[in-house]
Structure formats: structure tokens, C-alpha cells
Amino acid sequence: MDSEPEPDLAVVRGQVGDFRLAHPRTADLVIEVSVTSADYDRSKLRAYAHAEVKEVWLVLGREKQIEVHRQPREGQFTERVLHSPGGRLTSAAFPSLTVDLSKLLESV
């Protein structure tokens with residue numbers, strides 16, 4: 001059975017011209033939507049921490065949860081918090097970004 005790739009999103013700082021010749025080497029926020037690939041997406045956390053990505057959200061569709069990883073240090077994230085429907089999640093990297101978890105998780 002063929003499966004469609006699951007979406008992911010990276011938020012990087014810079015201008016469009018900064019990336020015409022080279023791919024960004026880090027991001028402030030990465031959001032991985034994991035419907036069937038949670039183990040694979042977790043396997044990327046070490047690379048994200050080494051790249052000093054400030055914050056990673058793993059949107060776990062089957063579990064209806066969001067796993068948030070922050071504070072990269074020495075190839076690992078030192079903070080991990082699990083969020084469930086019913087609350088709001090505010091990005092540490094972008095404090096103006098707040099998500100209603102019930103609305104987000106009902107659509108995954």
C-alpha cells in the first residue's frame with residue numbers, strides 16, 4: 001500500500017535571498033506531523049539538536065498528542081513535554097505563536 005509523505009514544517013530566520021544558493025542549516029522551530037512515522041521522526045531529534053534547532057514539535061496523530069522538545073545541548077534536547085487536547089501550546093521560539101490543541105489534534 002502506498003502512503004503519502006507526512007508533512008513537516010521548518011521556520012528559519014533570514015531573507016529569501018539568503019537561501020537562493022544554499023539550503024538553511026538550522027531552524028528555530030520544526031514541526032513534524034507523525035501519523036505513521038513517529039519512530040522515524042524521533043530518530044531525527046539528535047540531528048535537530050546537533051543543528052541547534054531551538055524547538056521541535058512532533059504532532060502524533062494516532063495518539064492525539066504533541067511531543068515538544070526544547071533546549072538543545074550536546075546533541076540532545078534537555079526538555080521534553082507532552083501535550084494533549086484541551087489546552088493551548090505556545091512556542092518558546094516564537095512566543096506570538098499559540099495553538100489551540102483541541103482544534104489542531106482533531107484534524108490530524
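Look up a bit, the structure's there.
For every chain, the first residue of the written sequence is number 1, and numbering continues from 1 onward in sequence order. Local features in this predicted model are restricted to residues of pLDDT 70 or higher, and side-chain atom pairs are both shown and tallied only at a pLDDT of 80 or more, whereas totals for entire chains, interfaces and linings draw on every residue. Values shown for side chains rest on all heavy atoms present in the structure; no hydrogens or waters enter the calculation.

A. Spatial organisation of the overall build of the protein. Labels follow the DSSP assignment, with helices taken as runs of H or I lasting at least four residues and strands as runs of E lasting at least two, numbered in each case from the N terminus. Looking only at helices and strands, the protein has three helices and seven strands in total. The linear arrangement of helices and strands in the protein, starting from the amino end, is β-β-α-α-β-β-β-β-β-α. Exposed residues in this analysis have more than 50% of their type's maximum accessible area, buried residues have under 20%, and partly exposed residues fall in between, with area computed by a 1.4 Å probe over protein chains only. In the protein, which comprises 108 residues, the proportion classed as buried is 33%. Contacts are assigned to residue pairs that have any heavy atoms within 4.5 Å of one another. Of all intrachain contacts in the protein linking residues separated by at least 6 positions in sequence, the fraction that spans at least 24 positions is 42%. When the accessible surface of the protein is summed, it comes to about 7,200 Å², and 50% of that surface belongs to carbon and sulfur atoms. Accessible surface is estimated by sampling points in the Shrake-Rupley manner with a 1.4 Å probe; for residues, cover comes only from the protein chains shown.

B. Local environment of the pattern of salt bridges. By salt bridge we mean one thing: a side-chain nitrogen of Lys or Arg within 4 Å of a carboxyl oxygen of Asp or Glu. On inspection of all chains with the given rule, the structure shows eight salt bridges. Across the pair glutamate 55 and arginine 70 runs a salt bridge whose closest N-O atoms are separated by 2.8 Å. Note that glutamate 55 is positioned in strand 3 (residues 55-60) and arginine 70 in strand 4 (residues 65-73), a separation of 15 residues in sequence. The exposure class assigned to glutamate 55 is buried, which follows from its relative accessible area of 0%. Measuring nitrogen to oxygen at the nearest pair gives 3.4 Å for the salt bridge that ties glutamate 79 to arginine 70. Beyond isolated ion pairs, a larger network of salt bridges with shared partners links Asp39, Arg42, Glu67 and Arg80.

C. Spotlight on the pairing of strand 4. Paired strands are those between which DSSP finds at least two bridges. Strand direction decides the pairing type here: strand 3 and strand 4, joined by six bridges, are antiparallel. Counted as the bridge partner of glutamate 55 is arginine 70 from strand 4. A loop of four residues connects strand 3 with strand 4, the two strands running antiparallel in sequence, and lysine 64 in this loop sits at a positive phi of about 55°. As paired elements, strand 4 and strand 5 (residues 76-83) share seven bridges and run antiparallel to each other. Note that in strand 5 the partner of arginine 73 across the bridge is glutamine 76.

D. Structural context of the side chain of histidine 83. On the secondary structure map, histidine 83 appears in strand 5. The buried category is assigned to histidine 83, whose relative accessible area is 18%. Ignoring anything within four residues of it in the chain, the contact list for histidine 83 reads Gln65, Ile66, Val68, Leu89 and Leu101.

E. Molecular detail of unusual backbone geometry. Phi is positive for lysine 64, which is not a glycine, with a value near 55°. With respect to the helices and strands, the residue lysine 64 is situated in the loop between strand 3 and strand 4. When its relative accessible area of 30% is taken as the criterion, lysine 64 is described as partly exposed. Positive phi outside glycine occurs at glutamate 74, with the angle close to 50°. Assignment of secondary structure puts glutamate 74 in the loop between strand 4 and strand 5.

The analysis is restricted to geometry; functional conclusions fall outside its scope.
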